[in-house]
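Inside the fold
Each chain, written out:
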Amino acid sequence: MRIRDFRDDDTPEINLIPLIDVLLCLLIFFVVTTTFDARSVLKLELPRADGSPSQAQSKALSVLVNAQGRYFVGDREVLRTDLESLKQSLRDVAGDDRERAVLLRADARTPHQSVVTALDALGQLGFRRVAIATAPSPGGASAR
């Protein structure tokens, strides 16, 4: 007596589930390890000036003022635009180090009062080494 085998032939197939798992793990890894730069988040148009760049700006505290007059100290946004809020954010980020250089980066379209408020806050807290960031003029040093 012959017994029939009703099983289907084993057909080879490619299982995509492990591949999808690996790709999702790689995606999560790259999203978590990506560093975000404040310069890429904020689109600033710096005022133009001729001059040589400063050497000691690598450890400088960065204070950004965007075109709407909003402040960013380091990588933190100051929620309100008044003087006391800005001073508190500067205290939180800088701590007790008043000898640290400060790089003030203000958009060229920023209201003048916002820049004066930032300089006033820095002066009241005792920061004396303040530099204002500018972009090189399109004509270079020969243009006047």
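An account of the accompanying structure is given in this report. Every value quoted in this text rests on a predicted model; they were computed, and no experiment measured them.

Here we come to the packing of aromatic side chains. Under the defined criterion, the tally for this structure stands at one aromatic pair. Consider the rings of F29 and F30, whose centres lie 5.4 Å apart with planes at 70 degrees: the pair is edge-to-face. In this structure F29 comes out as partly exposed when scored by relative accessible area, which is 47%.

The subject of this paragraph is the packing of helix 3 (residues 83-94) against helix 4 (residues 112-125). At a minimum axis separation of 9 Å, helix 3 and helix 4 run at an interaxial angle of 55 degrees. By the criterion of interaxial angle, the relationship of helix 3 to helix 4 is oblique. Our pair here, helix 3 against helix 4, has a crossing hand that is right-handed. Along its contact with helix 3, which presents L83, L86, K87, L90 and R91, the element helix 4 presents T117, A118, D120, A121, L122, Q124 and L125. Residues of the contact of helix 3 with helix 4, tallied by class, amount to seven nonpolar, two polar and three charged.

On to helix 4, then. Compared with an ideal rise of 1.5 Å per residue, which puts 14 residues at 20 Å, helix 4 spans 20 Å between its outermost C-alpha atoms and is within 8% of the ideal. Among all positions of helix 4, only S114, V115, T117, A118, A121, L122 and L125 are buried. One side of helix 4 holds all its buried residues, which, seen down the axis, span an arc of 160 degrees. Of the residues in helix 4, the exposed ones pointing more than 90 degrees away from the buried face are H112 and Q113. Packing partners of the buried residues in helix 4 comprise strand 2 (61-65), strand 3 (71-73), helix 3, strand 5 (102-106) and strand 6 (130-132). Positive backbone phi, at 100 degrees, marks G126, one or two positions downstream of helix 4.

With that out of the way, let us pick up the side chain of N66. Relative to the helices and strands, N66 resides in the loop between strand 2 and strand 3. Of the polar contacts made by the side chain of N66, one reaches the backbone nitrogen of R70; its length is 2.8 Å.

The next point concerns the pairing of strand 2. Counting buried positions over the five residues of strand 2 gives four, a clear majority of the element. Bridge analysis of strand 2 against strand 5 gives five bridges, and the strand direction is parallel. Residue pairing across strands places L61 opposite V102, the latter belonging to strand 5. Of the pairings in the sheet, the one linking strand 2 to strand 3 comprises three bridges and is antiparallel in character. What sits directly across from L64, in strand 3, is F72. Hairpin connection from strand 2 to strand 3: five residues lie between these consecutive antiparallel strands, with G69 at a positive phi of about 85 degrees.

What counts, and at which threshold
- Residues numbered from 1 in each chain as written.
- Predicted model: local features only at pLDDT ≥ 70, side-chain atom pairs only at ≥ 80, totals over all residues.
- Heavy atoms only, no water.
- Phe/Tyr/Trp six-rings, centres within 6.5 Å; stacked < 30°, edge-to-face > 60°.
- Buried < 20%, exposed > 50% of the residue type's maximum accessible area, 1.4 Å probe, protein only.
- Axes fitted to C-alpha atoms, helices over the stretch in contact; angles between N-to-C directions.
- Helix = DSSP H or I, 4+ residues; strand = E, 2+ residues; numbered from the N terminus.
- Parallel < 35°, antiparallel > 145°, perpendicular 65-115°, else oblique.
- Left-handed = near helix turned anticlockwise from the far one by under 90°.
- Contact = heavy atoms within 4.5 Å.
- Nonpolar A, V, L, I, M, F, W, Y, C, P; charged D, E, K, R; others polar.
- Expected span 1.5 Å × (residues − 1).
- Arc of directions from axis to C-beta.
- Polar contact = N/O pair within 3.5 Å; in protein donor to acceptor, adjacent residues only side chain to side chain.
- Pairing = 2+ DSSP bridges.

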